[in-house]
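Descriptive analysis of the structure
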Amino acid sequence: MSRILTYREALREGLDEELAHDPNVVLFGEEVAQYNGAYKVTEGLWKKWGSKRVFDTPISEAGFIGMGIGASMLGVRPVMELMFWSFHSVAFDQLVNNAACVRYMSGGLCNCPIVIRGPANGGTNVGATHSHIPEALFAAFPGLKVCAPATPADAKGLIKSAIRDNDPVYVMENTLLYGTTGEVPDPALGDHLVPLGQAEIKRQGTDLSLIAHGRSVIHCLAAADTLQQEHGINCEVLDLRSIRPLDVEAILATVRKTNRAVLVDESKPFGGVSAMVGMLIQEHAFDSLDAPIQRVCSIDAPAIYSPHIEPEQLPNPRRIVEKVLSLG
């Protein structure tokens, strides 16, 4: 049995359940408590759980993320919201030099069970400094885990798994998905957990694999419908869900099934997630390819402010359809 929830509601339900599940879980960040969150993801949680479990912080990402890392080493499980993941740069030392390394450098004596979540996307016309998409950046650091849910069910399942994980997990959300809806399992059926590192086929197909994560999965599903209806091309859509750990076996399995791959990735093409996925396919499934691997990424420039132009800078169903048809 399931219910229809928005992506925002599914995240909130997951956070609420984990606050109930473990008294060591705390939520904090800018405006997450009394103001119900900049994106209303945490709406009502401060009123329900009080200021010891849900609290606002000053506008200092370096300060509150550093505090969360220190608290996690003493047994707390902090969930910290960045109003934009674009603000990661002011806390970069804490995010990658402290959180990523403490378990290794302590010989496993100190865990760092933190979750940092918030929007990591373009497409909202807020300018280049608020539109970074840093999944690939953080996935490059051993010790960190990164996920990017595309659906309400995955948003809930991944946030719950992230909170229970003993490593730092960075959850990359998309503001343009917060209002989207989908089926989410009823809590009465038990915990809905989506394992980190497990991709999912969102659409079965035989002719070509579309491999994506985050909002790009939604674009791939729309493009697959167009390709089926107008061109008779039956595309499979693989949702990575986790960027690190990456489900390599699922990637190779879909490519070996369809023999063609188009990788769709909202990050920039240079060193992006799709670059890594493409190299894995090249290394381990080259003999299965009947055509070159193709990519649809954001156009390689700072995010465009114009609401008329920015959608064309990002992956969209039209660009995906055109790329697939270019394979011949």
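Residues numbered from 1 in each chain as written. Predicted model: local features only at pLDDT ≥ 70, side-chain atom pairs only at ≥ 80, totals over all residues. Heavy atoms only, no water.

1. Overview of the environment of Glu-9
Quick reminder of the rule: Labels follow the DSSP assignment, with helices taken as runs of H or I lasting at least four residues and strands as runs of E lasting at least two, numbered in each case from the N terminus.
Residue placement: Glu-9 occurs in helix H1 (residues 7-21). Glu-9 sits 294 residues away from Ala-303 along the chain, and the two C-alpha atoms are 28 Å apart.

2. Points about the pattern of salt bridges
Let me state the cut-off plainly: One speaks of a salt bridge when a side-chain nitrogen belonging to Lys or Arg is within 4 Å of a carboxyl oxygen belonging to Asp or Glu. With a 1.4 Å probe rolled over the protein chains alone, any residue whose accessible area is under 20% of its type maximum counts as buried; one over 50% counts as exposed, and the rest are partly exposed.
Enumeration over the complete set of coordinates arrives at 25 salt bridges. Note that Arg-12 and Glu-43 form a salt bridge whose closest N and O atoms lie 3.7 Å from each other. You can see Arg-12 sitting in helix H1 and its partner Glu-43 sitting in the loop between strand S2 (25-29) and helix H2 (45-49), a full 31 residues away along the chain. Using a relative accessible area of 18% as the deciding quantity, one classes Arg-12 as buried. With a closest N to O distance of 2.7 Å, Arg-117 and Glu-173 form a salt bridge. Linking Arg-117 in strand S5 (residues 115-119) with Glu-173 in strand S7 (residues 169-173), this pair joins segments that are 56 residues apart in sequence. For the residue pair Arg-117 and Glu-173, the accessibility class agrees, reading buried in each case. A cluster of three or more residues bridged by salt bridges with shared partners is formed by Arg-3, Glu-13, Glu-17, Glu-18, Lys-156, Lys-160, Arg-164 and Asp-191.

3. Brief notes about the packing of helix H9 (residues 248-258) against helix H10 (residues 273-284)
Geometrically, a packed helix pair is captured by the angle between its two axes and the distance between the axes. Rules: Lines are fitted to the C-alpha atoms to define the axes, a helix being fitted only along its stretch in contact, and any angle between axes, read from their N-to-C directions, falls within 0 to 180 degrees. Handedness of a helix crossing follows the sense of rotation of the near helix relative to the far helix, less than a right angle counterclockwise being left-handed and clockwise being right-handed. Contact criterion: two residues are considered in contact whenever any of their non-hydrogen atoms come within 4.5 Å of each other. Classes in brief: Ala, Val, Leu, Ile, Met, Phe, Trp, Tyr, Cys and Pro nonpolar; Asp, Glu, Lys and Arg charged; the others, Gly included, polar.
Close contact between H9 and H10 brings their axes to 10 Å; oriented N to C, the two are set at 65°. When you trace H9 past H10, the crossing you get is right-handed. Seen from H9, the contacting residues are Val-248, Ile-251, Leu-252, Val-255 and Arg-256; seen from H10, they are Val-277, Leu-280, Ile-281 and His-284. For the contact of H9 with H10, the class distribution of residues is seven nonpolar, one polar and one charged.

4. Remarks on the domain arrangement of the protein
As a reminder, the rule being used: As annotated, the domain borders come from an automatic or database domain assignment. Values labelled buried area give the accessible surface lost by two parts on being combined, using a 1.4 Å probe and summing over both. Whenever two N or O atoms come within 3.5 Å, that pair is a polar contact, provided that in protein one can donate a hydrogen and the other can accept it, and provided that, for residues adjacent in sequence, both atoms are side-chain atoms.
The domain boundaries assigned to the protein delineate domain 1 (2-189) and domain 2 (200-326). With centres defined by C-alpha atoms, the gap from domain 1 to domain 2 works out at 26 Å. Carbon and sulfur atoms supply 58% of the area buried between domain 1 and domain 2, which totals about 2000 Å² over both sides. With a closest N to O distance of 3.0 Å, Asp-154 and Arg-241 form a salt bridge. Linking domain 1 with domain 2 are 11 residue pairs in polar contact (both at pLDDT 80 or more), by the criterion used here. Of all elements in the fold, only helix H6 (135-139), strand S6 (145-147) and helix H7 (152-164) reach the threshold of two or more residues within the side of domain 1 that touches domain 2. Split by residue class, the side of domain 1 that touches domain 2 holds 16 nonpolar, nine polar and three charged.

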